[in-house]
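Read off the chains here:
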There are 2 protein chains.
Amino acid sequence: MPRLRVHNFAMSVDGYGAGPRQSVDDPLGVGGERLHDWAVATRSFREIHGTDTAGADAADTGLDDRFIAAGDSGIGATIMGRNMFGPIRGAWPDGPDQQWRGWWGDDPPFHHPVFVLTHHEREPVAMAGGTTFHFVTDGIESALRQAFDAAGGQDVRLGGGAATVQQYLRAGLVDELHVAIVPILLGGGERLFDRLDDAASGLELAEYVGSPAVAHVRFTRPSR
Amino acid sequence: MPRLRVHNFAMSVDGYGAGPRQSVDDPLGVGGERLHDWAVATRSFREIHGTDTAGADAADTGLDDRFIAAGDSGIGATIMGRNMFGPIRGAWPDGPDQQWRGWWGDDPPFHHPVFVLTHHEREPVAMAGGTTFHFVTDGIESALRQAFDAAGGQDVRLGGGAATVQQYLRAGLVDELHVAIVPILLGGGERLFDRLDDAASGLELAEYVGSPAVAHVRFTRPSR
């Protein structure tokens, strides 16, 4: 049965998935980009994102690389919150020059349908390489149904941010949650494990292993 | 210059230093004792606490053991919150049979002066083995002064709970903070990194290393 999976969610020791004072200029919050240094250093990240291919041979191929690769494996669709898709708030601007199309350039690293949770309707946006952004206004369960339909029997990946992951955790819909604990303190920002009540208690530890850069912890929900 | 050090503070992945619904029967909160399994398994813990000495040879002597031993090294006094000392709230009971003397039996594993933060005055309690419990009612800075005086040039260890560590962090008085991240979810309880505003941002990463059981992260304050 296809599953809903969270992978490589980077969290500081003080629990934040993004730094404080997020803004258009600082989409990950102050200091938040340090949460992703370990990921960017892996060969799989560079291959997935098509960056720095010249240096890919020198990139990390160890434990962190395995986790980055796993996050891209067997995935047929992605769900994300609007704030992960872009910095725009409120209604989508109309003009063709104002059409935000994500952070990832013309050929985003998804290559499958991406469902963006939003309160504001918008027509789908087809990008190069097989990525199409769909905008879902009728809630997380609808987005999940659409994503499973689009995934063609493969799993669905749940991106961020923290608030989006929390919504799915509260609804008991997350089958796998992989958190990479980064040894930094951010001092503030958006907490991952917050407003969950007892929702995380249904998850069981599947794997814990520390790499030289981060501590990987993977929880799964017992099979339905 | 003597320093104020926090060692082996066990924290769940969701950030709790104790489980939810703490009570007299459940002093670490529901599930909270699981935070300490890794510590209890070490040889140093068994030597310090004088427990299970017959099995000490079989106990862990690896990375976790090194951290437990470090937490007991060069320490001349300890400070703790009242809730770590005992379950009693409000004024101390009078009767000789009602005198709570800590969780640790007749010969507590400190062997030096221990300063307990409380709002209620009480005479010092001398135990076997060199431990004396002093009760400090005039605040954290007074307790720290008294502890440094009593430590005779050695460092002072800051015990728990989370609220006590937070008070000293907010006051900028913590020189070293070692957290052991335990790969469990508690779902609720007393958070370590909370109500700190920007207080943790003055700490710098000194060491990160994962053992098979927990991820050790040690922060230090730049020298004064």
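Just so it is clear, the structure is predicted and the values come from calculations on it, not from any experiment.

A. Spotlight on the overall build of chain A. If you tally the helices and strands in chain A, you get 6 helices and 11 strands. Projected onto its principal axes, the C-alpha positions of chain A cover 45 × 45 × 35 Å. Burial statistics for chain A: of 224 residues in total, 45% are counted as buried.

B. Looking closely at the pairing of strand 6 (residues 132-136) of chain B. Pairing analysis gives 5 bridges linking strand 4 (residues 113-117) of chain B to strand 6 of chain B, with the strands arranged parallel. Bridge pairing in strand 6 of chain B links B:Leu117 to B:Val136.

C. Focus on the interface of chain A and chain B. Between chain A and chain B, the contact holds 20 residues from the first and 20 residues from the second. When residues of the side of chain A that touches chain B are traced back to their parent elements, those giving at least two are strand 8 (176-182), strand 10 (204-210) and strand 11 (215-220) of chain A.

D. Just the relation of the copies chain A and chain B, in detail. Mapping chain A onto chain B calls for a screw motion: a turn of 180° about the axis and a shift of 0.0 Å along it, with 0.0 Å RMSD after fitting. The two molecules are tied by a two-fold rotation axis, judged by turn and shift. When each C-alpha of chain A is compared by its distance to the rotation axis, A:Gly210 comes out closest, at 2.4 Å. Most of the interface of chain A is mirrored in chain B, where 100% of its interface residues are also at the interface.

E. Region of the structure containing the pairing of strand 4 of chain B. Residue and element names in this part refer to chain B. Counting buried residues in strand 4 gives 5 out of 5 residues, a clear majority hidden from the surface. Side chains Pro113, Phe115 and Leu117 project from strand 4 onto one buried face, and the interleaved Val114 and Val116 project onto a second face that is buried too. Pairing of strand 3 (residues 75-81) with strand 4 involves 4 bridges; the strand directions are parallel. Note on strand 4: the bridge partner recorded for Ile79 is Phe115.

F. View of the confidence of the model for chain A. Considering every residue of chain A, the mean pLDDT works out to 91; 96% of them sit at 70 or more. For this predicted complex, the interface confidence reaches an ipTM of 0.92, while the overall pTM sits at 0.93.

G. Representation of helix 3 (residues 63-70) of chain B within the structure. All names here are of chain B. If you check which residues of helix 3 are buried, you get Asp64, Asp65, Phe67 and Ile68. With its buried residues spanning 160° around the axis, helix 3 presents them on a single face. Where helix 3 is buried, its residues touch strand 1 (4-12), helix 1 (37-40), helix 2 (43-49), strand 8 (176-182) and strand 11 (215-220).

H. Local environment of the environment of A:His119. All names here are of chain A. By the element assignment, His119 lies in the loop between strand 4 (113-117) and strand 5 (125-126). Judged by the 10 C-beta atoms lying within 10 Å of it, His119 falls in the exposed class. Taking the C-alpha atoms as reference, His119 lies 8.9 Å from Phe135; in sequence the two are 16 residues apart.

I. Up close: the environment of A:Gly90. Checked against the element boundaries, A:Gly90 lands in the loop between helix 4 (82-85) and strand 4. With 7 C-beta atoms counted inside 10 Å, the residue A:Gly90 sits in the exposed group.

J. Molecular detail of the sheet that holds strand 6 of chain B. All names here are of chain B. Strand order in this open sheet of 9 strands is 5-6-4-3-7-1-8-11-10, and the pairing throughout is mixed. Across the chains shown, the open sheet's two edge strands, defined by having one partner strand only, are strand 5 (125-126) and strand 10 (204-210). Looking at chain direction, strand 5 and strand 6 are connected through 2 bridges and run antiparallel. Looking at strand 6, one finds that Val125 is bridged to Phe133. Running at roughly 140° to strand 1, helix 3 makes contact with strand 1, strand 8, strand 10 and strand 11 of the sheet. Where helix 5 (residues 140-151) meets the sheet, its contacts fall on strand 1, strand 3, strand 4, strand 6 and strand 7 (155-158), and the angle it forms with strand 3 comes to roughly 160°.

K. Quick peek at helix 5 (residues 140-151) of chain A. Residues and elements named next belong to chain A. Here helix 5 contains 12 residues, and its C-alpha end-to-end distance of 16 Å stays within 8% of the 16 Å for a straight helix at 1.5 Å per residue. Every buried residue of helix 5 is listed here: Ala143, Leu144 and Ala147. For helix 5, the angular spread of buried residues about the axis comes to 100°, placing them on one side. The elements touched by buried residues of helix 5 are strand 1 (4-12), strand 3 (75-81), strand 4, strand 6 (132-136) and strand 7 (155-158).

L. Here's a closer look at the sheet that holds strand 11 of chain A. Residue and element names in this part refer to chain A. The 9 strands are arranged 5-6-4-3-7-1-8-11-10 in an open sheet whose pairing can be described as mixed. Among the strands making up the open sheet, the edge pair consists of strand 5 and strand 10. Pairing of strand 8 with strand 11 involves 6 bridges; the strand directions are antiparallel. By the bridge assignment for strand 11, Ile181 is matched with Ala215. Packed on one face of the sheet, helix 3 (residues 63-70) meets strand 1, strand 8, strand 10 and strand 11 and runs near 140° to strand 1. The strands that helix 5 touches are strand 1, strand 3, strand 4, strand 6 and strand 7; relative to strand 3, the one it contacts most, it runs at about 160°.

M. Spatial organisation of unusual backbone geometry. A cis amide bond links A:Gly160 with the next residue in sequence, A:Gly161, at an omega value of 0°. Secondary-structure assignment places A:Gly161 in the loop between strand 7 and helix 6 (162-170). Positive phi is not limited to glycine here, since B:His111 has a value of about 60°. Residue B:His111 is classed as partly exposed on the basis of its C-beta count, with 16 C-beta atoms lying within 10 Å.

N. Here's a closer look at the environment of A:His216. Residues and elements named next belong to chain A. Of note, His216 is situated in strand 11. The spacing of His216 and Val182 is 34 residues in sequence and 9.0 Å in space, taken between C-alpha atoms. Those residues within four positions of His216 in sequence are excluded, and the remaining contacts are Phe67, His178, Ala180, Glu207, Val209 and Ser211.

Calculation rules
Residues numbered from 1 in each chain as written. Chains lettered and ligands numbered in written order. Predicted model: local features only at pLDDT ≥ 70, side-chain atom pairs only at ≥ 80, totals over all residues. Helix = DSSP H or I, 4+ residues; strand = E, 2+ residues; numbered from the N terminus. Buried ≥ 20, exposed ≤ 12 C-beta atoms within 10 Å, placed from the backbone. Pairing = 2+ DSSP bridges. Contact = placed C-beta atoms within 7 Å. Least-squares fit on C-alpha atoms with pLDDT ≥ 70 in both. pLDDT = per-residue confidence, 0-100. Arc of directions from axis to C-beta. Axes fitted to C-alpha atoms, helices over the stretch in contact; angles between N-to-C directions. Expected span 1.5 Å × (residues − 1).

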